[in-house]
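Residue-level listing of the chains:
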Amino acid sequence: MHQKLLFLKLNVLLSGKFTALVLMCSLVGCKQEANEVETDLIQVENYTTGTDHVQKTETYVRIPADNHITINVDVPATGRYQVEVFGSSDNGTIWIEDYINNTDDRTYNITGDIKFAHNNSFHSSSMFGSPLSEGSHPFKIHAKNDTVNIDWIKLTPILVHDSTYEVLEQKMQGSQWDLVWSDEFDVNGLPDTSKWSYNIGNWGWGNNELQYYTAFDEKTARVEDGNLIIQAHQDKSDSTWTSARLTTQGKFGFKYGKIEFRAKVPHDRGTWAAGWLLGSNYKDEISWPYCGEIDVLECVGYEINDTTFAGLNHATCHTRKYYFKQGNQIGSDTTLTHMTDSFHTYAVEWHPDVIYGLVDGKRYYTYDKNADDLEWPFNKPQDIILNLAIGGGWGGAKGLDPNMDAPQYILDYVRVYDLK
Ligand SMILES: [Ca+2]
């Protein structure tokens, strides 16, 4: 029931955010993994294929904008990784595509844009939290905006995937809702580690989101006066954002039931608050959307009026048959008042053959079970996730409010019920 942590690499420890995580983890009794997973520098000049304009020297590869190379990378264990690149560019960035088992012809961007300082000298640049499964992966390294020179890349494990947890399966026959699991957020301080673990990093989370999710940091996630507060902050020196993403992954999986989030959401343009469910068998981008996703509370700031706080909540199910990258996801929205200054209860009733979305007890969304696993992966456990993103394909579609100052996503409780 603990997170296995693989933290001992010196270059990881040199990062302040990760040093804090290691220290806090030892305080709360997480176990550090003794067997360090070793990874080597991957010399990119040994690439297998490249587009026509790629040039190779003895020590590095020159990739013009909109070109790429493919190189095989051995991932030693399923988990989350730091992806470090040693390279240079004047105005270019790179992004890495995991091309493993790409039978769907999708784009598995596992790093977002990795930037370089504009001085054209070789240096190291990293993204954190990339989800990868064990095995040999063909990576496509893409250059964007300008030519990029790359000498090597390196993967360092941050967290090994933990798939051992308790599954709570709810009965869904009867007329009375009965509480089976909750966090009422009534003990001040860091969130309860018997219920929540942290997703960490800044790899873009599949949506080009801007924030770095930190862990064990009361600045980004704390319980205060009966509520969980997830708060985003912008570093004034380098303009980067931090926030938090909590998950029951590795602690509790849920199958069926009513799941409620009582929450206030931020109204600032550029924010994206979410309370949702993700299939417990998610382990890398290839496993999504086969694992299924049920979005219960999804509110983007630009849809919420800055004065009245009236706006929209969205409920959506993503499955291999229907999901947003195909543009055919099945969702619905509902209008609400006072979303930022008063609590509303965002809920889903998940039955073996149908999912309903509700706000304040009023049903506004239905997703029906259909033929097969591609349409209905919802007969397997799902994890609960709470996060506040900044920017990204949806939340950032209208830009960021330049005056936004430390927006808060406030949850009074998360509750799971069965029906009997
Ligand atoms: Ca509470």
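Residues numbered from 1 in each chain as written. Predicted model: local features only at pLDDT ≥ 70, side-chain atom pairs only at ≥ 80, totals over all residues.

A. Examining the sheet that holds strand E10 (residues 135–144) more closely. The 5 strands lie next to each other as E2-E5-E10-E7-E8, forming an open sheet whose pairing is antiparallel. The strands lining the two open edges of the sheet, one partner per strand, are strand E2 (49–50) and strand E8 (114–115). Here strand E7 (residues 93–98) runs beside E8; their pairing, made up of 2 bridges, is antiparallel. Opposite Ile 94, over in E8, you have Ile 114 as the bridge partner. (Pairing = 2+ DSSP bridges. Helix = DSSP H or I, 4+ residues; strand = E, 2+ residues; numbered from the N terminus.)

B. Structural context of unusual backbone geometry. Note that the residue after Trp 288, namely Pro 289, is joined by a cis bond; omega there is 5°. You can see Pro 289 is positioned in the loop between strand E23 (271–279) and strand E24 (293–300). Backbone geometry at Asn 145 places phi at a positive 75°, although glycine is not the residue there. Along the chain, Asn 145 falls in the loop between E10 and strand E11 (148–160). On the basis of neighbour counts, which here come to 15 C-beta atoms within 10 Å, the residue Asn 145 falls in the partly exposed class. The residue Asp 360 is not glycine, and still its phi comes out positive at about 50°. Structurally, the position occupied by Asp 360 is in the loop between strand E28 (354–359) and strand E29 (362–368). (Buried ≥ 20, exposed ≤ 12 C-beta atoms within 10 Å, placed from the backbone.)

C. Geometry of the environment of Gln 382. If you trace the backbone, Gln 382 turns up in strand E30 (residues 382–390). A sequence separation of 36 residues divides Gln 382 from Asp 418, and the C-alpha atoms of the two residues are 15 Å apart. Setting aside residues up to four positions removed in sequence, Gln 382 forms contacts with Gly 253, Phe 254, Leu 277, Leu 278, Gly 279, Ser 280, Gly 292 and Ile 294. (Contact = placed C-beta atoms within 7 Å.)

D. Focus on the sheet that holds strand E15 (residues 212–213). Overall, mixed pairing links the 3 strands, which are arranged E15-E19-E18 in an open sheet. Among the strands making up the open sheet, the edge pair consists of E15 and strand E18 (233–234).

E. Structural view of the domain arrangement of the protein. If you check the domain split of the protein, you get domain 1 (10–160) and domain 2 (166–419). If you average the C-alpha positions of domain 1 and of domain 2, the two centres end up 28 Å apart. Every contact between the two is made by 25 residues of domain 1 and, on the other side, 17 residues of domain 2. Among the elements of the structure, helix H2 (16–27) and strand E9 (123–132) are those that each provide at least two residues to the side of domain 1 that touches domain 2. In terms of residue count, the dominant contributor to the side of domain 1 that touches domain 2 is E9 (6 residues). A class-by-class count of the residues in the side of domain 1 that touches domain 2 yields 13 nonpolar, 8 polar and 4 charged. (Domains from an automatic or database assignment. Nonpolar A, V, L, I, M, F, W, Y, C, P; charged D, E, K, R; others polar.)

F. Main features of the pairing of E10. Judged from the 8 bridges that link them, strand E5 (residues 68–75) and E10 form a sheet pairing that is antiparallel. Counted as the bridge partner of His 68 is His 142 from E10. The pairing of E7 with E10 spans 6 bridges and is antiparallel. Bridging from a neighbouring strand, Glu 97 pairs with Lys 140 of E10.

G. Up close: the pairing of strand E16 (residues 221–224). Across the two faces of E16 the burial differs, with Ala 221 and Val 223 buried and Arg 222 and Glu 224 not buried at all. Of the pairings in the sheet, the one linking E16 to strand E17 (residues 227–231) comprises 4 bridges and is antiparallel in character. By the bridge assignment, Arg 222 is partnered in E17 with Ile 229. As consecutive antiparallel partners, E16 and E17 are separated by 2 residues, and within that stretch Asp 225 has a phi angle of approximately 50°, a positive value.

H. Representation of the environment of His 314 in the model. With respect to the helices and strands, the residue His 314 is situated in strand E25 (residues 311–318). As a C-alpha pair, His 314 and Thr 334 span 20 residues in sequence and 6.7 Å in three-dimensional space. Ignoring any residue separated from it by four or fewer positions in sequence, one finds His 314 in contact with Asp 295, Glu 298, Gly 331 and Asp 333.

I. Structural detail: the nonpolar core. Counting 100 residues, the largest nonpolar core has Val 44, Ile 141, Ile 259 and Val 296 as the members making the most contacts within it. Considering each element in turn, this core owes the most residues, 7 residues, to E11. Summarising the domain contributions, this core has at least three residues from each of domain 1 (10–160) and domain 2 (166–419). Apart from residues no more than four positions distant in its own chain, Ile 259 is found in contact with Phe 254, Leu 277, Val 296, Ala 347, Val 348, Trp 350, Ile 384 and Val 416. (Core = buried A, V, L, I, M, F, W, Y, C linked by C-beta atoms within 7 Å.)

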